[in-house]
Amino acid sequence: MIPDWKVVQDYLEILEFPELKGIIFMQTACQTVQHQRGRRQYNKLRNLLRDARHDCILFANEFQQFCYLPRERGESMEKWQTRSIYNAAVWYYHHCQDRMPIVMVTEDEEAIQQYGSETEGVFVISFKNYLDNFWPDLKAARELCDSILQSRRERENESQESHGKEYAEHLPLEVLEAGIKSGRYIQGILNVNKHRAQIEAFVRLQGASCKDSGLASDILIHGMKARNRSIHGDVVVVELLPKNEWKGRTTALCENDSDDKASGDPPSEPMPTGRVVGILQKNWRDYVVTFPSKEEVQSQGKNAQKILVTPWDYRIPKIRISTQQAETLQDFRVVVRIDSWESTSVYPNGHFVRVLGRIGDLEGEIATILVENSISVVPFSEAQMCEMPVNTPGNPWKVSPEEERERQDLRKTHLVFSIDPKGCEDVDDTLSVRTLDNGHLELGVHIADVTHFVAPNSYIDIEARTRATTYYLADRRYDMLPSTLSADLCSLLGGVDRYAVSVIWELDKTSYEIKKVWYGRTIIRSAYKLFYEAAQELLDGNFNIVDDIPEFRDLDEKTRQARLEELAWAIGKLTDIARHVRAKRDGCGALELEGIEVRVQLDEKKNIHDLIPKQPLEVHETVAECMILANHWVAKKIWESFPHQALLRQHPPPHQEFFSELRECAKAKGFFIDTRSNKTLADSLDNANDPNDPIVNRLLRSMATQAMSNALYFSTGSCAEEEFHHYGLALDKYTHFTSPIRRYSDIVVHRLLMAAIAKDKKMEIKDNLFSNKDLEELCRHINNRNRAAQHSQKQSTELFQCMYFKDKDPENEERCISDGVIYSIRTNGVLLFIPRFGIKGAAYLKNKDGLVISCGPDGRSEWKPGSLQRFQNKITSTTTGGESVMFHLFDHVTVRISVQASRCHSDTIRLEIISNKPYVSPDTELFHQSSLLLKSDLVKEVTRSVEEAQLAQEVKVNVIQEDYQKYCQTKGRSLYMLLEEIRDLALLDVSNSYGM
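Residues numbered from 1 in each chain as written. Predicted model: local features only at pLDDT ≥ 70, side-chain atom pairs only at ≥ 80, totals over all residues. Heavy atoms only, no water.

Under the annotation held in an unreviewed UniProt entry, the chain carries the name DIS3-like exonuclease 1 and is attributed to Lynx pardinus. Looking at the chain in UniProt, the text filed under Catalytic activity (unreviewed entry) is "Exonucleolytic cleavage in the 3'- to 5'-direction to yield nucleoside 5'-phosphates." Here the chain is described in UniProt, under the heading Subcellular location (unreviewed entry), as follows: "Cytoplasm". (UniProt positions renumbered as here; feature names shortened; annotations may be inferred.)

So, in structure tokens, the structure goes:
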């Protein structure tokens, strides 16, 4: 089957069906999609071509001597494209010696009439006829095709009937490009304000526009008219308005756009304001939407086919689709895709794709989060699993003699051990330290050799590259690699032989100065699989913990004591080295920023026992410093060998203006934050401690985190060496090498390191390395997937927080009342941090009725007529009766937590100040303990309610077995079973995740 350009453009989601295999895509059709449908659609097509499971191929027909056809005088582009594709189909039929019939599918009725019977063996039919005749059992594809056709017919009818224009026409591409070059127009990415989606959007400058425009800030796009049919994420071209028409961004808190008008709060200082005159790249994707309620559908009439659906994402406008199932689907989350947005239409047009699940149902809401972040986690295929090595009791895996000859064998010479959280299965790093014969020390970091099992461009490599990372949600994870590797043969478990890639340093025994370094493939056998708490006890000299370490249980007393002393010495020496390495980085300005980790305590049945904030231990720092050291030295090595095609990780310095709120907040407490460099910032944060309130330093570090730029992967051939620097870690070069089980970037780095070693030995480089251009594209993909992973993790955490509080009575439930700390002032409210639950959110001091908060002598609040007055570090609420209450930065107040339910969007946590006095727990002595129990209750209660719902629906399946068969990875019965393995997930705001 050969689709023409229009079929590829309009029916790509049907062509992605796994049943449709062996499609030949012509170069002409692919280029049309690239030019007319934008980057996202074109990338979907490229991914389809790369996916070996679909067995599709790209044929460069315009570069083939007998397929190329010049465009005739007066011939439209569309007719030439269809003629070119048909000509290539005919040539291919003859190339196959007329033995294999060819079906060309097109939506061009004239082409079907003209070419349908021209060449015997080449059939030209419509896409709908193709599906009806060749795929009668593929019901979902045929229904989707009908939906797209119906949508297109109605758009055509509308455009014939419509005369008035809602929006200005976009300028031609050549005019836009010339305008950008001359400086008249500015290019950037549209970012819609989530809280004022109808009013405010900002264009973040991109490319040459960023340097040449002379603008120090983003460009404000005020109102939908000025946005001119562009959608959040589009690459747009903007024309600046005259300065007298510039507007300021709104500084008030608001839940929706109507609040803006009601509050009457003045905007900030005018900023550059513009209007969109064209779109260079559309960011259209699949959107999760909600159908109107039954009453709204009925108000449109029983036979209404055109329905306005509301996207889950506030930043996306309503989408008009054609359907006769509106009433049936009103209780479901549904996926739609935008087809077009004509200048004559207020809303974009789209079509129905599929149903996700019921509104409010856990699986439906999780599916929504995945779709909204463009995360597609298909089961590992049979072809991929066939590439996995075998390791069964009857056929155990073992080290091959060939690998034994080629690798350095450390099994008898080195004491290798791992330090991880309790219950960790995917052990991708181990450590070793020993004294050499010359008196020097030897430090080793040994990382799982994933690339030995994952060959370049194999089925599993393509899948891992597509996923780019392991996705951790609050109740489950989706592995980048099958569990055969991630939890078994690539996991450096204790007492078994494993392949590793090692970095080994020779150090001076006193100064720890690095004398030399060795990189290479090794064979190791980890002697001990330690958990953090046990390693810390040994570091502190408490040997009673030995009974909790399985490797010591069956030893006689003398052997046990000798091995215990050997292990304790190794941990102590590693910690000494780590302290030295950290001190060196601290001297260069390494930052320690706010972050809380939680540990899930499981019972023997793998059910939740408790949720405990992870206590910072020195061994955490020890392991982290060794990993950072390895990443740094590997970065230097691969850059030296491949200066123009090495994958590194950069963390650019933040913009100084982003620190303004941090500086003002610190000033309110009498602290000065010097942000001129990472060194001065680190020192200032260390000194900004309030002995009476430790929350202050925690919030200041959190604000510093939010001001940071994100760390990103990049190809060294794409920027100058002075831009390689990692601001947060204070290192000139850095990469990710130590977690190849869960990050594809590390797999690329392992291959680069192996190639660098081969280059040093003047051996042939076995793996074809990415060119700078290809590596740059891969880095963009990995960065994009990392952002999606962060957002999905945050959204799933917020989902479970809301599920926990949703059924509570906020008026009477003790757990819904908590202490809150003010960390930012707005014109009509404040931003609060709830330490007890790690929640951040807004609390209004002025409600929708125009009433302001008032607090009596006992501190209790009520709403009264009055006004608010905002100052730099405080806000005053004054009633018409003369009563006044003042709220300062870092004040502690009593807060009521409830859930603001939404049918069309995600539920959100709602905070309300009920007293201007700090919250006092009924039993202050048990406050911290009750805090932990509350977090445990959150986990248990949400888990229990979902399990009860499953039982009510009589879902009697073996979840673990079913998920293993489907995904070749596990999901425990308890929703939070896998949180133990999520080392950096906390029930807190991660809206500005800062990834080192």
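Next up on the list: the overall build of the chain. Within the chain one finds 27 helices and 37 strands. Across the 996 residues in the chain, those meeting the buried criterion constitute 53%. Entry remark: accessible area of the chain is about 46,100 Å², with carbon and sulfur atoms responsible for 48%. (Helix = DSSP H or I, 4+ residues; strand = E, 2+ residues; numbered from the N terminus. Buried < 20%, exposed > 50% of the residue type's maximum accessible area, 1.4 Å probe, protein only. Areas by Shrake-Rupley, 256 points an atom, 1.4 Å probe, with all protein chains shown as cover.)

Right, let's talk about the nonpolar core for a bit. Nonpolar side chains tend to gather and get buried jointly when the protein is soluble and globular. F417, W505, L530, F737 and L753 are the most contacted members of the largest nonpolar core, which has 94 residues in total. With 11 residues, the single largest contributor to this core is helix 20 (residues 618–641). Non-local contacts of L530, meaning those with residues more than four positions away in its chain, are made with F417, S418, I419, D420, A535, I549, L567 and I571. Counting residues in each nonpolar core, the second largest holds 51 residues, with A88, V90, Y93 and V122 among its members. (Core = buried A, V, L, I, M, F, W, Y, C linked by side-chain atoms within 4.5 Å. Contact = heavy atoms within 4.5 Å.)

So, about the pairing of strand 22 (residues 497–507). Judged by how many residues are buried, strand 22 sits mostly within the fold: 10 of 11 residues are covered. Strand direction decides the pairing type here: strand 19 (residues 441–448) and strand 22, joined by 8 bridges, are antiparallel. Looking at the pairing, H446 lines up with S502 of strand 22. Bridge count for strand 22 against strand 23 (residues 514–525) is 11 bridges, and the pairing is antiparallel. When the bridges of strand 23 are listed, Y499 appears paired with I523. Adjacent in sequence and paired antiparallel, strand 22 and strand 23 are bridged by 6 residues, among which Y512 carries a positive phi angle near 60 degrees. (Pairing = 2+ DSSP bridges.)

Time to look at the side chain of D674. In this fold, D674 is placed in the loop between helix 21 (660–668) and helix 22 (678–687). D674 sits in the buried class, given a relative accessible area of 11%. When sequence neighbours within four positions are dropped, the list of residues in contact with D674 reads T680, L681 and S684.

A word on the sheet that holds strand 32 (residues 851–855). The antiparallel open sheet is built from 4 strands, whose spatial order is 32-33-34-35. If you trace the sheet from one side to the other, it starts and ends with strand 32 and strand 35 (884–888), each paired once. The average undirected angle you get between the axes of adjacent strands in this sheet is 45 degrees. Two strands pair when backbone bridges link them, and strand 33 (residues 861–870) and strand 34 (residues 874–879) are joined in this way by 5 bridges, in the antiparallel orientation. Within strand 34, the residue paired with G866 across the bridge is T879. (Axes fitted to C-alpha atoms, helices over the stretch in contact; angles between N-to-C directions.)

Turning our attention to the pattern of salt bridges. For the structure shown, the criterion picks out 55 salt bridges. Ionic pairing is found between R204 and D218, a salt bridge with its closest N-O pair at 3.0 Å. Taken as a pair, R204 in strand 7 (residues 200–205) and D218 in the loop between helix 9 (208–212) and strand 8 (219–222) lie far apart in primary sequence, 14 residues in all. Residue class for R204 comes out partly exposed when judged on its relative accessible area of 47%. Here K669 and D690 are joined by a salt bridge, their closest N and O atoms 3.3 Å apart. Residue K669 is located in the loop between helix 21 and helix 22, and its partner D690 is located in the loop between helix 22 and helix 23 (695–707); the two are separated by 21 residues in the primary sequence. Taking the relative accessible area as the measure of exposure, K669 reaches 32% and is therefore partly exposed. One salt-bridge network, held together by shared partners, links E404, D409, R411, D497 and R525. (Salt bridge = Lys/Arg side-chain N within 4 Å of Asp/Glu carboxyl O.)

Okay, the environment of N391 next. Tracing the backbone through its elements, the reader meets N391 in the loop between helix 14 (382–386) and helix 15 (401–406). Ignoring anything within four residues of it in the chain, the contact list for N391 reads P396, W397, D488 and L489. Engagement of the side chain of N391 in a polar contact is seen with the backbone nitrogen of W397, the distance being 2.9 Å. (Polar contact = N/O pair within 3.5 Å; in protein donor to acceptor, adjacent residues only side chain to side chain.)

Turning our eyes to something else, we now look at the packing of helix 24 (residues 744–760) against helix 25 (residues 772–806). Where helix 24 meets helix 25, the axes come as close as 10 Å, and the angle between the chain directions of the two elements is 150 degrees. Here helix 24 is positioned roughly antiparallel relative to helix 25, judged by the angle of their axes. Across the interface between the two elements, Y744, S745 and V748 from helix 24 touch L775, L778 and I782 from helix 25. Residue composition of the contact of helix 24 with helix 25, grouped by class: 5 nonpolar, 1 polar and no charged. (Parallel < 35°, antiparallel > 145°, perpendicular 65-115°, else oblique. Nonpolar A, V, L, I, M, F, W, Y, C, P; charged D, E, K, R; others polar.)

Right, let's get into unusual backbone geometry. Positive phi, close to 55 degrees, is recorded for D55, a residue that is not glycine. In this fold, D55 is placed in the loop between helix 3 (27–50) and strand 3 (57–59). Positive phi, normally seen in glycine, also occurs at N457, with a value near 65 degrees. On the basis of relative accessibility, which here comes to 55%, the residue N457 falls in the exposed class.

With mixed pairing, the 7 strands of this open sheet are ordered in space as 16-23-22-19-18-17-24. Only two strands of the sheet have a single neighbouring strand rather than two, namely strand 16 (408–409) and strand 24 (528–531).

A separate point is the packing of aromatic side chains. Summed over all chains, the structure comprises 14 aromatic pairs. Both rings, one in F453 and one in Y499, keep their centres 6.2 Å apart while their planes meet at 25 degrees; by these two values the pair is stacked. Highlighted residues: F453 in the loop between strand 19 and helix 16 (459–467) and Y499 in strand 22, separated in sequence by 46 residues. What makes F453 buried here is its relative accessible area of 13%. These aromatic residues form a ring-pair network of at least three members: Y11, F127, Y130 and F134. Seen from the ring of W633, K636 lies directly overhead, with NZ or CZ sitting 3.7 Å from the centre. In this structure, K874 is placed above the aromatic ring of F871, and the distance from its NZ or CZ to the ring centre is 5.2 Å. (Phe/Tyr/Trp six-rings, centres within 6.5 Å; stacked < 30°, edge-to-face > 60°. Lys NZ or Arg CZ within 6 Å of the ring centre and 35° of its normal.)

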